[in-house]
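# Structural features, examined
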2 protein chains.
Amino acid sequence: MANPMYRQIAEDLRAQIESGRLKPRQQLQTEIELRERYGASRNTVRDAIKLLTTLGLVETRPGQGTFVVSKIDPFVTTLSGDPSQAGVTEGASYLSEVTNRNRVAENSPIQLEIQQAPESIAAGLWIPVGTEVISRHEKRSIDDTPWSMQTSYYPMEFVERGARRLLSSQDISEGTTQYLRESLGIKQVGYRDLITVRAPNVIEVEFFKLPSDGRVSVYEIFQTAFDGNAQPMRLTVTIYPTDRNQFIFEVGQVPAGQYERSADGSSAS
Amino acid sequence: MANPMYRQIAEDLRAQIESGRLKPRQQLQTEIELRERYGASRNTVRDAIKLLTTLGLVETRPGQGTFVVSKIDPFVTTLSGDPSQAGVTEGASYLSEVTNRNRVAENSPIQLEIQQAPESIAAGLWIPVGTEVISRHEKRSIDDTPWSMQTSYYPMEFVERGARRLLSSQDISEGTTQYLRESLGIKQVGYRDLITVRAPNVIEVEFFKLPSDGRVSVYEIFQTAFDGNAQPMRLTVTIYPTDRNQFIFEVGQVPAGQYERSADGSSAS
DNA sequence: GGGTATTTGTCCGTATGTATT
DNA sequence: AAATACATACGGACAAATACC
């Protein structure tokens, strides 16, 4: 046999799940039953189940059993769209969007730090490594589900030039983008998003309550905002778990209306 | 005992990797050596290594050993940008972008099918389930590395109205967007991308040569293109492995210039 | 090419712990 | 408290891949 036994067992179970013979939320046979059914040892059955777990097809619950996963209703974030709102990422802007969908959003207090820019942040802001930057960090939840972690970095120079509220951990209700325009005359004219996916770190596993085996990865989105002189004025890094988030962006003329892809893979408008 | 032993071993090794004491491409101690070092059984050490593998921190090579991963130089795809080029996804358009970066791109022949639209495709094209659609499927590689799999769906009605070349497996060199404009007067005025991440299926694992344990997930991007009547004219589904791909999109005025995030997490412009 | 040592992969059986019902 | 089910841990045996002589 080309394939080891635990893979064959996994393939068999996977076929049953994908064909719909095993439905979401349905319990699989116990490890003991599967051991007899496939004539394998319990450890081999467990290897098969572990593979399906990594693939996100099943989940195990101690004391209960192994179940076919039921996907989470995803939250959809629109990354582009109305250019006038473009890049308004901190503060209340996204709250209205969330509320529109009858969901309840919550923000943590803003955690403020002054750091020496490491390489990755310095490069995004076009400043030398080690330059002081302000970081404003915030955690967000929707319907009590941890949703995203966001950190925005601004050159320390902005404070010296008069934007002192950047150093306040108070929420800047009108948005930092507008605040910087009013206080310093720095106007954001565009931004660039870089989307990556990676495994979560320990902090992210804890906040998002992700399985500690790292099978759920996170989006990491670097947003660099530019002012009228084509200089970076802000770098925002946002983390979203991939198991509950999708992103939309639109180019050109696109009809309005939600486009949500539901849990079973189908769509609705 | 808060943590089981295999997690403690994994955390210890993880700390060594993240602190740089174990560098990318460096070999870890063998399982036997780790067993003695931590006073655990070989299977327990293997559990720790399996965890690190799922987290993407190490990789094992039979007959050789276990090594700290060296990240792949990612390929960066710009999803928005020049509105005149917007949505030109099939054919030669992306080849120039690749060539500009001194990489060599290759496309498979287009695989053509006529299908009854399943729910997910019907919803994207606003047509009833079961309506006939044309699917044009293509696999793409860059520098001999499998890069993406793309399938575009068009209403069968387009062929009946005269766009017969949609049924040819020949590449439509000027791009299907332009072809539809010339042949039917259907003009694409915008599109919407929906970005999701999920585990790969068997076909994707094989084409992209992904590890069969499913620890590397894939982006699945649904692009719906709209014509001047705000009707969907095309649905394109593209799959990219998350371990070698990043996406950029820009809104407003953004200075030109590459923004690549290199393997170690730093950036360069 | 062949043979051998090394290293990881698969599979088994068993015992005990922990979470849930 | 007892039963059930998954989680952790151990030890052993053999297979498969690789490297080296």
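Values in this document were obtained by computation on a predicted structure and should not be read as measured data. (Residues numbered from 1 in each chain as written. Chains lettered and ligands numbered in written order. Predicted model: local features only at pLDDT ≥ 70, side-chain atom pairs only at ≥ 80, totals over all residues. Heavy atoms only, no water.)

### Description of the overall build of chain A
Counting its secondary structure elements, chain A contains 8 helices and 13 strands. Buried positions account for 49% of the 269 residues belonging to chain A. Long-range pairs, those at least 24 residues apart, make up 58% of the contacts in chain A with a sequence separation of at least 6. If you sum the accessible surface of chain A, you get close to 12,700 Å²; carbon and sulfur atoms cover 48% of it. (Helix = DSSP H or I, 4+ residues; strand = E, 2+ residues; numbered from the N terminus. Buried < 20%, exposed > 50% of the residue type's maximum accessible area, 1.4 Å probe, protein only. Contact = heavy atoms within 4.5 Å. Areas by Shrake-Rupley, 256 points an atom, 1.4 Å probe, with all protein chains shown as cover.)

### Side note on the interface of chain A and chain B
Taken together, the contact between chain A and chain B spans 56 residues of the former and 56 residues of the latter. Taking both sides of the interface into account, the surface hidden between chain A and chain B amounts to around 4,900 Å²; carbon and sulfur atoms contribute 61%. On the surface where chain A and chain B come into contact, there are 2 salt bridges. Among the salt bridges present, the one from Arg192 of chain A reaches Glu250 of chain B, with a minimum N-O distance of 3.0 Å. Counting the contacts that link chain A with chain B gives 18 residue pairs in polar contact (both at pLDDT 80 or more). (Buried area = accessible area lost by both parts, 1.4 Å probe. Salt bridge = Lys/Arg side-chain N within 4 Å of Asp/Glu carboxyl O. Polar contact = N/O pair within 3.5 Å; in protein donor to acceptor, adjacent residues only side chain to side chain.)

### A closer look at the relation of the copies chain A and chain B
Taken as rigid bodies, chain A and chain B are interconverted by a rotation of 180° and an axial shift of 0.1 Å, the fit giving an RMSD of 0.1 Å. Put plainly, the chains are arranged around a two-fold axis. When each C-alpha of chain A is compared by its distance to the rotation axis, Arg215 of chain A comes out closest, at 3.3 Å. Same-surface contact between copies: 100% of interface residues of chain A are shared with the interface of chain B. (Least-squares fit on C-alpha atoms with pLDDT ≥ 70 in both.)

### Brief notes about the protein's contact with DNA strand C
As a structural note, the neighbourhood of DNA strand C is formed by 22 residues, with Met5, Asn43 and Thr44 of chain A together with Arg42 and Thr60 of chain B the closest of them. Here DNA strand C approaches the protein such that, of its atoms within 4 Å, sugar and phosphate make up 69%. A distance of 2.6 Å is found between a base oxygen of DNA strand C and a side-chain nitrogen or oxygen belonging to Asn43 of chain A. Between Thr60 of chain B and DNA strand C, the recorded distance is 2.7 Å, taken from a side-chain N or O atom to a phosphate oxygen. Elements supplying a minimum of two residues to the surface near DNA strand C: α1 (5–18) and α3 (42–54) of chain A together with α3 (42–54), β1 (58–61) and β2 (65–68) of chain B. When residues in the surface near DNA strand C are grouped by element, the largest group, 3 residues, is from α1 of chain A. Class assignment for the residues of the surface near DNA strand C results in 6 nonpolar, 11 polar and 5 charged. (Near = heavy atom within 4 Å. Nonpolar A, V, L, I, M, F, W, Y, C, P; charged D, E, K, R; others polar.)

### Focus on the packing of aromatic side chains
For any pair of aromatic rings, the description consists of the separation of the ring centres together with the inter-plane angle of the planes. Under the definition given, this model contains 13 aromatic pairs over all chains. Aromatic pair Tyr240 of chain A and Phe247 of chain A: ring centres 4.8 Å apart, planes at 75°, arrangement edge-to-face. By the burial criterion, Tyr240 of chain A is buried, and Phe247 of chain A matches it. An aromatic cluster of three or more residues is present, and its members are Phe75, Trp147, Tyr219, Tyr240 and Phe247 of chain A. The ring of Tyr179 of chain B has Arg165 of chain B lying over it, and the distance from NZ or CZ to the ring centre is 5.0 Å. (Phe/Tyr/Trp six-rings, centres within 6.5 Å; stacked < 30°, edge-to-face > 60°. Lys NZ or Arg CZ within 6 Å of the ring centre and 35° of its normal.)

### A short note on the pattern of salt bridges
Applying the stated rule across the entire model yields 26 salt bridges over all chains. A salt bridge links Arg46 of chain B to Glu31 of chain B; the nearest nitrogen and oxygen atoms lie 2.9 Å apart. In this pair, Arg46 of chain B sits in helix α3 while Glu31 of chain B sits in helix α2 (residues 31–38), placing the two residues 15 residues apart along the sequence. Among the residues examined, Arg46 of chain B registers a relative accessible area of 39% and is labelled partly exposed. Glu31 of chain B sits in the buried class, given a relative accessible area of 17%. Put simply, Glu31, Arg42 and Arg46 of chain A are held in one network by salt bridges that share partners.

### Section: the protein's contact with DNA strand D
By nearness alone, 23 residues border DNA strand D, and Arg46 and Thr60 of chain A together with Met5, Asn43 and Thr44 of chain B come closest of all. In this structure, Glu31 of chain A approaches DNA strand D through a main-chain N or O atom, which is 3.0 Å from a phosphate oxygen. Side-chain polar atom of Thr66 of chain A to a phosphate oxygen of DNA strand D: 3.3 Å apart, as the coordinates give it. The class makeup of the residues in the surface near DNA strand D is 6 nonpolar, 12 polar and 5 charged.

### Brief notes about unusual backbone geometry
Even without being a glycine, Asp144 of chain A presents a positive backbone phi close to 65°. Tracing the backbone through its elements, the reader meets Asp144 of chain A in the loop between β6 (132–142) and β7 (145–155). One non-glycine residue, Arg25 of chain B, lies in the positive phi region at around 75°. Mapping Arg25 of chain B onto the fold places it in the loop between α1 (5–18) and α2.

### Describing the layout of surface pockets
For the second largest pocket, the calculated volume is near 1,700 Å³. Lining of the second largest pocket is provided by 50 residues; of these, Asp47 and Lys50 of chain A together with Arg46, Asp47 and Lys50 of chain B occupy positions nearest its centre. Residue assignment for the lining of the second largest pocket shows that the elements contributing at least two residues are α1, α3, β1 (58–61) and β2 (65–68) of chain A together with α1, α3, β1 and β2 of chain B. Partitioned by chemical class, the residues of the lining of the second largest pocket number 10 nonpolar, 22 polar and 18 charged. (1 Å grid on protein atoms, 1.4 Å probe; cavity = no way out; pocket = protein on both sides within 12 Å on 5 of 7 lines; lining within 4 Å. Points joined across faces, edges and corners; volume = space filled by probe spheres on them.)

### Quick look at the nonpolar core
Within the largest apolar cluster, 54 residues are counted, with the highest numbers of intra-cluster contacts made by Leu166 of chain A together with Leu166 of chain B. If near-sequence neighbours (up to four positions away) are discounted, Leu166 of chain B is found in contact with Leu112, Ile134, Arg136, Tyr154, Phe158, Val159, Ile172, Thr176, Tyr179 and Leu180 of chain B. (Core = buried A, V, L, I, M, F, W, Y, C linked by side-chain atoms within 4.5 Å.)

### Overview of the packing of α1 of chain B against α3 of chain B
The description of two helices packed together rests on the angle between their axes and the distance between the axes. Residue and element names in this part refer to chain B. Following both chains from N to C, one finds α1 and α3 inclined at 55°, their axes separated by 8 Å at the closest point. The pairing of α1 with α3 is recorded here as oblique in orientation. For the pair α1 and α3, the crossing hand works out as right-handed. Of α3, the residues touching α1 (which contributes Met5, Tyr6, Arg7, Ile9, Ala10, Leu13 and Arg14) are Thr44, Asp47, Ala48, Leu51 and Leu52. (Axes fitted to C-alpha atoms, helices over the stretch in contact; angles between N-to-C directions. Parallel < 35°, antiparallel > 145°, perpendicular 65-115°, else oblique. Left-handed = near helix turned anticlockwise from the far one by under 90°.)

### Examining the packing of α1 of chain B against α2 of chain B
All names here are of chain B. Put simply, α1 and α2 touch, their axes get as near as 12 Å, and they point 110° apart. In terms of orientation, α1 and α2 fall into the roughly perpendicular class. Here Ile9, Asp12, Leu13 and Gln16 of α1 come into contact with α2, specifically with Leu34, Arg37 and Tyr38. Classifying every residue of the contact of α1 with α2 by side-chain character gives 4 nonpolar, 1 polar and 2 charged.

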